Amino acid sequence: MNITTNAISMAIKTQSKRAGVSDKQLAKAIGKSRDAFSRRINNRTTWRLDELDCIAPKLGLPDGWALLDLARQEQRLADSGLAA
């Protein structure tokens, strides 16, 4: 299954709420302005794996691959109609 940019952004949004991490903190983690982060989280710019690697620890995940796996799981739930 191909993971969409939207699924990655949704996983980041969900995990950041759970972890109590702000967009400003995530923007700082990837070394981007809040505007550049906003473009990514709103699916106007594609995420890069190195950015996901920087964000993942802030979200309580070991690395970007774990974040991609979470996005894949959440996309599967959304596609099946079981997502909240």
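Residues numbered from 1 in each chain as written. Predicted model: local features only at pLDDT ≥ 70, side-chain atom pairs only at ≥ 80, totals over all residues. Heavy atoms only, no water.

## Things to note about the overall build of the protein chain
Keep this limit in mind: Starting at the N terminus, helices and strands are each numbered in turn, a helix being any DSSP run of H or I of at least four residues and a strand any DSSP run of E of at least two. The atom set for the radius of gyration is the C-alpha atoms, and the globule formula is 2.2 Å times the number of residues raised to the power 0.38. Any pair of residues with heavy atoms lying within 4.5 Å of one another is described as a contacting pair.
Along the protein chain, the regular secondary structure elements total five helices and zero strands. The secondary structure elements of the protein chain, listed N-terminal to C-terminal, are α-α-α-α-α. What you see for the protein chain is a C-alpha radius of gyration of 12 Å, in line with the 12 Å of a compact globule of 84 residues. Considering only C-alpha atoms, the protein chain reaches an extent of 35 × 25 × 20 Å along its principal axes. Taking the intrachain contacts of the protein chain between residues at least 6 apart in sequence as the baseline, contacts between residues at least 24 apart amount to 58%.

## A short note on the pattern of salt bridges
Defined as follows: Any carboxyl oxygen of Asp or Glu within 4 Å of a side-chain nitrogen of Lys or Arg constitutes a salt bridge here. The cut-offs for exposure are 20% and 50% of the maximum accessible area for each residue type, with area from a 1.4 Å probe on protein chains only; residues under the lower value are buried, those over the upper are exposed, and the others partly exposed.
Taken as a whole and assessed by the stated rule, the structure comprises five salt bridges. With a shortest N-O distance of 2.6 Å, aspartate 35 and arginine 39 are connected by a salt bridge. Of this pair, aspartate 35 and arginine 39 both sit in helix α3 (residues 34-41), separated by four residues, roughly a single helical turn. Residue classification places arginine 39 among the partly exposed residues on the basis of a relative accessible area of 31%. Salt-bridge contacts for glutamate 51 lead to arginine 40; the nearest nitrogen and oxygen are separated by 2.9 Å.

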